[in-house]
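# Overview (structure and organization)
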Amino acid sequence: PACLTRRTTTTMLPTTRSQSRREEPRRQVTGERGRVFAAVILGFCVLSFIDTFHTLEPYSGRRSLLSSAYLATTSTLLPWAHHYLADVSDAPDPDGETALFWHIPKSGGTTAKRLYQCMGKTLAHRVGADPRFGHDQENEIVVFEPHEGKDWKVVNVDTTIKPGILRAKELGLVQSHTTDLIFTMEPAFAGEQLYDEDNKGRFLALFRHPVDRAASMFFYLQKATWEKTYRPEWADMTVMEWANLKNFESDYMVRKLVGKKFGDSVDEMDLIIAKELVRQRFIVGLMDEMVESIRRFNIVLGVDESSDRSQQCMEDFGLLAPEDVTPAISAVGEGSGEESKTHATDKKNSNKHPKFVQGDPEFDAIAARNPLDMVLYSYILQLFEDQKLIIDSYFLDAEDEEDETTIDEVANELALLPPGADVGTSRLPSEIQDNLANVNDPAQDKGSETPFFWHIPKSGGTTLQRMYFCMGFTLANEVGGNSKFDSDRSKIDVISPWSDNPGKVINVDVTSQEGITEAKNRGFLTQSPHPHLDLVSSQEFKFAATTLFSPEHNGRMFALFRHPIDRAVSKFYYLQKATWESTYKERWKTMTLEKWAEKDRGENNWMVRMLVGKDNRAVLTTEDLELAKEIVRTKFVVGLMDSFDESVHRFNVFLGVDESDAVNQECIGQFTSSGGDSHASANRKVIETKNQWNSYAHPDVEYGSPAWVSLSKINFFDILLYRYVLEVFEEQRSLFNA
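Structural notes, computed from the coordinates.

Before going further, it helps to examine the state of the cysteines. Counted under the stated rule, the structure contains 2 disulfides. The residue that forms a disulfide with Cys470 is Cys667, at a sulfur-sulfur distance of 2.0 Å. Its S-S torsion of about -75 degrees marks the bond between Cys470 and Cys667 as left-handed, since a negative value means left-handed. Separated by 197 residues along the polypeptide, Cys470 in helix α19 (residues 461–470) and Cys667 in helix α27 (residues 662–671) bring together distant segments of the chain.

Structure, rendered in structure tokens:
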């Protein structure tokens, strides 16, 4: 089709070509798909969400495919959130829905509660079920003023805890439409129990950096004798001692969002669910942006900020911040070190304490115990920026039709993004942005760009390269640098290494930094005329991207990805016996997988490190993960080893391979499952000698085993990146459906 041709201005996909085998590989776009892959995807897609979510088996290659199908559904929202909560992009209806505020401890929730009390809102929280007011045993919802003359009301239920939520459900709290705002510390439980399809909820929350929140809680509960959760045993503890307690409260936000108890394990799938819930169903506020956050909450709650009462309350709480007014209550509230210098009416809930920054041992220790919350908070910061336009659009006048269309487009774009995706930002280093083509950029001629295959070890890359050699491709990888092949090293040239294989190589080695530097100095990709080259293959993503390519000659990225735990286990068994490899580890020969997995063996989070250019000595951060995700999203055509046939087809379209050509069909059949997997017998053999597919059978690691848990922690960032790659793989399907 015309939309797929090389000259088009709307897609990066190249034109089809069919040339003689001696000249260039045969290439053509085709609609053929891996039938097995399609059948599996279709089968998984017909499963109901609830069955899919609750019957996820322990991890394996097949289950990785299930995760991909699961993420490709309409959303990853839990059923109650999908049916019972209003979407962020829907205009609020204060009369038809009941708002719920998730009170995250030490995150400004107490300030928000007192603000809306001041405004005269009817609230549901702990006070309403206090026995001293005499309504805690009523068998119906009662609205009352707990303190005479204060002019604020509560309902007679305690929605902050699970038993109180169940009582509120029994009394029909939401269905009574008596409450302006429900406060709870159990968002998943309250959302599922209190609401229904006819009485929907609108969720709000104030978020705070997990390290600041945890530290504030520690210092508060050292002294807060009036709290049920007071911890006198913490009084003489240092932060480091506390952070290393065995029963340390970890990943509070993710646990609460997915409804898991402390003591239950949480993993990257829980993080994905939490992110999707926040993205689609929460109006997010930030404790560090209290004024703007309350402004947005007021819009959603239908608060008239122009009224005298609202103005006075906002001023009292420092949310109008006139220069000549000293706020009576801190706008950030709940005492957070530097921020707690302003006054607060409830000094009990405000405590001054030291503030830690990244690099401090205390900060790093707390962050290490909250890895999922750290990633979630980073994502929430982005959502906070992106929700502004949506919230401001809720009450546009009719004459603002043009603006409304623009805002609707933004809202729709936000709603369609996969969970975890950055929204409308470009934070790539200039050398990556300028030297590599974007996925959706129109394809250029070979003088302006060259396909660059990022070869992730033990992820199917060797098989893929051998398939393209079979088709007669010319590659630049490590083969051309082998001294046994006679070549004039004074110039860039093509050599034919094998008498029985039509594949060719350029006489360079671009798989090491030394080889890449030498290749550049010899004129690789800059020599004119330059010999024919079909693709570059290297593990050295960033070094190759910034050294070999330029704004004048771009690299166009593609890669095969594999679950990091599978990849690590495969590499372990391989390097136990692969004596022909320079990375062979003799000391691993008699080591068990469990022993090997106990600690980092020098290659943690390999993918993220390669993408952002950090070695094993450097500390990875959530910013590195987000950068790696952005690089993959914007620069890579992604393939999955677990969906090898489908990935090969996409790469063939990407490279212009003629899949109808008989020779190409034979090569595809030889190296993919659609041809009967002619090398399966080699795969089943024990690793004894090198085979041409670099593929061997080995035991799997059992999900939840000590080895699996340890490898998950060691490769945590890579696992999160891989989950994101699954989403991108599904998102890119539309590029190839034509």
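Take the nonpolar core next. Grouped together as the largest cluster of nonpolar side chains are 97 residues, with contacts concentrated most on Phe207, Trp454, Phe524, Phe561 and Phe636. Among the elements that make up this core, the one with the highest residue count is helix α30 (residues 716–731) (10 residues). The next biggest cluster of nonpolar side chains, apart from the first, holds 30 residues, and it includes Tyr468, Leu535, Leu655 and Phe671.

It is worth spelling out the environment of Tyr379 at this point. For Tyr379, the location among the structural elements is in helix α16 (residues 371–392). With a relative accessible area of 2%, Tyr379 lands in the buried category.

Attention now goes to unusual backbone geometry. Most peptide bonds take the trans form, and the phi angle of most residues other than glycine is negative. Omega for the bond connecting Ser528 with Pro529 falls within 30 degrees of zero, at 0 degrees, which places this linkage in the cis form. Its location among the elements puts Pro529 in the loop between α20 (513–521) and β12 (535–538). For Lys458, which is not glycine, the phi dihedral falls at a positive 60 degrees. Position of Lys458 relative to the elements: it lies in the loop between β8 (449–454) and α19.

Put simply, α19 and α27 touch, their axes get as near as 9 Å, and they point 160 degrees apart. Compared by their axis directions, α19 and α27 come out roughly antiparallel. Every pair of crossing elements has a handedness; the one defined by α19 and α27 is right-handed. Contact residues: α19 offers Thr463, Arg466, Met467 and Cys470, while α27 offers Cys667, Ile668, Gln670 and Phe671. For the contact of α19 with α27, the per-class residue count stands at 5 nonpolar, 2 polar and 1 charged.

Moving on, we come to the sheet that holds strand β9 (residues 474–476). Read from one edge of the open sheet, 7 strands run β10-β11-β9-β12-β8-β13-β14, paired in mixed fashion. Unpaired on one side and paired on the other, β10 (494–495) and β14 (636–640) mark the two borders of the sheet. Sheet topology places β9 next to β12; 2 bridges connect them, and they run parallel. Residue pairing across strands places Leu475 opposite Leu535, the latter belonging to β12.

Turning our attention to the sheet that holds strand β4 (residues 153–155). Across the sheet, 7 strands lie side by side as β3-β4-β2-β5-β1-β6-β7; this open sheet has mixed pairing. Strands with a single pairing partner mark the edges of an open sheet, and in this sheet they are β3 (143–144) and β7 (282–286). Where helix α12 (residues 268–281) meets the sheet, its contacts fall on β6 (201–207) and β7, and the angle it forms with β7 comes to roughly 95 degrees. Lying on the sheet, α16 is in contact with β6 and β7; it crosses β7 at an angle near 110 degrees.

Moving on, we get to the pairing of β7. Taken across its 5 residues, β7 has 5 buried, putting it largely inside the fold. Here β7 shows two buried faces, one formed by Phe282, Val284 and Leu286 and the other by Ile283 and Gly285.

Position of Gly359 among the secondary structure elements: in the loop between α14 (308–316) and α15 (361–368). Distance from Gly359 to Val619, taken between C-alpha atoms, is 9.8 Å for residues 260 residues apart in sequence.

Residues spaced three or four apart along an α-helix face the same direction, because each turn holds 3.6 residues. Taking 1.5 Å per residue as the helical rise, helix α26 (residues 644–655) with its 12 residues ought to reach 16 Å, and the 16 Å between its terminal C-alpha atoms agrees with that figure. Along α26, 12 of the 12 residues are buried, which leaves the element largely enclosed by surrounding structure. Of the positions making up α26, those classed as buried are Phe644, Asp645, Glu646, Ser647, Val648, His649, Arg650, Phe651, Asn652, Val653, Phe654 and Leu655. Phi turns positive one or two residues past the end of α26, at Gly656, with a value near 80 degrees.

About the criteria used
- Residues numbered from 1 in each chain as written.
- Predicted model: local features only at pLDDT ≥ 70, side-chain atom pairs only at ≥ 80, totals over all residues.
- Heavy atoms only, no water.
- Disulfide = S-S within 2.5 Å.
- Helix = DSSP H or I, 4+ residues; strand = E, 2+ residues; numbered from the N terminus.
- Core = buried A, V, L, I, M, F, W, Y, C linked by side-chain atoms within 4.5 Å.
- Buried < 20%, exposed > 50% of the residue type's maximum accessible area, 1.4 Å probe, protein only.
- Axes fitted to C-alpha atoms, helices over the stretch in contact; angles between N-to-C directions.
- Parallel < 35°, antiparallel > 145°, perpendicular 65-115°, else oblique.
- Left-handed = near helix turned anticlockwise from the far one by under 90°.
- Contact = heavy atoms within 4.5 Å.
- Nonpolar A, V, L, I, M, F, W, Y, C, P; charged D, E, K, R; others polar.
- Pairing = 2+ DSSP bridges.
- Expected span 1.5 Å × (residues − 1).

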